[in-house]
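As a plain string of letters, each chain reads:
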Amino acid sequence: DVKVTQSSRYLVKRTGEKVFLECVQDMDHENMFWYRQDPGLGLRLIYFSYDVKMKEKGDIPEGYSVSREKKERFSLILESASTNQTSMYLCASSLPTGHYGYTFGSGTRLTVV
Amino acid sequence: GQQLNQSPQSMFIQEGEDVSMNCTSSSIFNTWLWYKQDPGEGPVLLIALYKAGELTSNGRLTAQFGITRKDSFLNISASIPSDVGIYFCAGISSGSARQLTFGSGTQLTVLP
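Notes on the structure in this doc start here. Please read these numbers as outputs of a predicted model, since none were measured by experiment.

1. Details of the overall build of chain A
No. 1: When you go through chain A residue by residue, the secondary structure sums to zero helices and twelve strands.
No. 2: Starting at the N terminus and ending at the C terminus, chain A contains elements arranged as β-β-β-β-β-β-β-β-β-β-β-β.
No. 3: In terms of overall dimensions, chain A is globule-like: its C-alpha atoms have a radius of gyration of 13 Å, near the 13 Å expected for 113 residues.
No. 4: Overall, chain A is about 35 × 25 × 25 Å in size when its C-alpha atoms are taken along their principal axes.
No. 5: Looking at the 113 residues of chain A, the share that counts as buried comes to 50%.
No. 6: Working note: accessible area of chain A is about 5500 Å², and carbon and sulfur atoms make up 50% of it.
No. 7: Between the centroid of the 15 positive side chains of chain A and the centroid of its 14 negative side chains there is a distance of 6 Å.

Written out as structure tokens, the structure reads:
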């Protein structure tokens, strides 16, 4: 069963901590994406990558960075976590075109206290 | 960026009722997709549409690719409690074949 795996379902971190959210896909997909989801705001794109070592800013990149050292792994980094980054984070992957849709992970619910 | 207008934002229905939701855009889309997100999970693809006018079913779900290429509809017949969740539309425009544009979601609650 093909899948996108996010390393943690729930995380609680303190303000100012550096936080790593890991995502691994086993479908050999070229494209990978990080979204955050907040009530009433839908899915907002943080960063995406179309290839290894490549990254592009999405709509809300401030306060985040990413790393893609291997094709199957895309990490989201919160350099200094803040309470307004409390959210549900979703990782997704896809083939080079999005026509067949994205496969999403189960999400990581991050709480920053 | 581009926007997809999805409505309604939320729905409360009785078990057994039919449900309709839709997505509209000001620009033309080449692909329409519908996702469902169960509580606490990631979205899962339900239906994909690739041609204007296309009507596709998946069990009790039916989706249509609008003739104008600027809208899509999802219908759920005879709703059951496990239909609860958030339904998202998504599309691929001619300007960006790599990325999906998502609607804001429809929160569906099914009352027993």
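Anyway, onward from the coordinates.
2. Digging into the state of the cysteines
No. 1: Scanning the model with the defined rule gives two disulfides over all chains in all.
No. 2: Note that A:C23 is cross-linked by a disulfide to A:C91, the S-S spacing being 1.9 Å. Judged by the torsion about the S-S bond (-75°), the A:C23/A:C91 disulfide is left-handed. With a gap of 68 residues between them, A:C23 in strand β4 (residues 23-25) and A:C91 in strand β10 (residues 87-94) connect regions that are remote in the sequence.
No. 3: Residue classification places A:C23 among the buried positions, given a relative accessible area of 0%.
No. 4: By relative accessible area, A:C91 is classed as buried at 0%.
No. 5: Paired through a disulfide, B:C23 and B:C89 show a sulfur-sulfur distance of 1.6 Å. Handedness of the B:C23-B:C89 disulfide follows from its S-S torsion of about -55°: it is left-handed. One end of the pair, B:C23, is in strand β3 (residues 19-24); the other, B:C89, is in strand β9 (residues 85-93), with 66 residues separating them in the sequence. B:C89 shares its class with B:C23; the two are buried.

3. So, the side chain of A:R68
Residue and element names in this part refer to chain A.
No. 1: On the secondary structure map, R68 appears in strand β8 (residues 64-70).
No. 2: D51 is the oppositely charged side chain nearest to the buried, salt-bridge-free R68, at an N-O distance of 6.0 Å.
No. 3: At 2.6 Å, the side chain of R68 forms a polar contact with the backbone oxygen of K71.
No. 4: In this structure, R68 is in contact with Q25, H29, E30, N31, M32, S49, Y50, D51, V52, K53, R73 and F74, ignoring residues within four places of it in sequence.

4. A few points about unusual backbone geometry
All names here are of chain B.
No. 1: Note that the residue after S7, namely P8, is joined by a cis bond; omega there is -5°.
No. 2: With respect to the helices and strands, P8 occurs in the loop between β1 (5-7) and β2 (10-14).
No. 3: Positive phi values are uncommon outside glycine, yet R69 reaches one of about 70°.
No. 4: Assignment of secondary structure puts R69 in the loop between β7 (61-65) and β8 (71-76).
No. 5: Unlike most non-glycine residues, A78 shows phi in positive territory, near 45°.
No. 6: Along the polypeptide, A78 turns up in the loop between β8 and β9.
No. 7: The partly exposed category is assigned to A78, whose relative accessible area is 36%.

Cut-offs applied
Residue numbering note: each chain is counted from 1, following its sequence as written. Written order determines the labels here, with chains lettered from A and ligands numbered from 1. Since the coordinates come from a predicted model, pLDDT governs what is reported: local features require at least 70, and pairs of side-chain atoms require 80 or more to be given and counted, while whole-chain, interface and lining totals use all residues. Excluding hydrogens and water, the side-chain values take into account all heavy atoms of the structure. Only DSSP runs of H or I reaching four residues or more are called helices, and only runs of E reaching two or more are called strands; each is numbered from the N terminus. The atom set for the radius of gyration is the C-alpha atoms, and the globule formula is 2.2 Å times the number of residues raised to the power 0.38. Type-normalised accessible area, obtained with a 1.4 Å probe on protein chains alone, sets the label of each residue: buried when under 20%, exposed when over 50%, and partly exposed for intermediate values. Working definition of accessibility: Shrake-Rupley area with a 1.4 Å probe, residue cover restricted to the visible protein chains. The charge count treats Lys and Arg as positive and Asp and Glu as negative. His and the chain ends do not count. In plain terms, the charge of a residue is placed at NZ if it is Lys, CZ if Arg, CG if Asp and CD if Glu. Two cysteine sulfur atoms make up a disulfide if the distance between them is within 2.5 Å. A pair is scored as a salt bridge if a Lys or Arg side-chain nitrogen falls within 4 Å of a carboxyl oxygen belonging to Asp or Glu. Within 3.5 Å is the distance limit for a polar contact, defined as a pair of N or O atoms, with the added protein rule that one can donate a hydrogen and the other accept it, and that residues adjacent in sequence qualify only through two side-chain atoms. Contact criterion: two residues are considered in contact whenever any of their non-hydrogen atoms come within 4.5 Å of each other.

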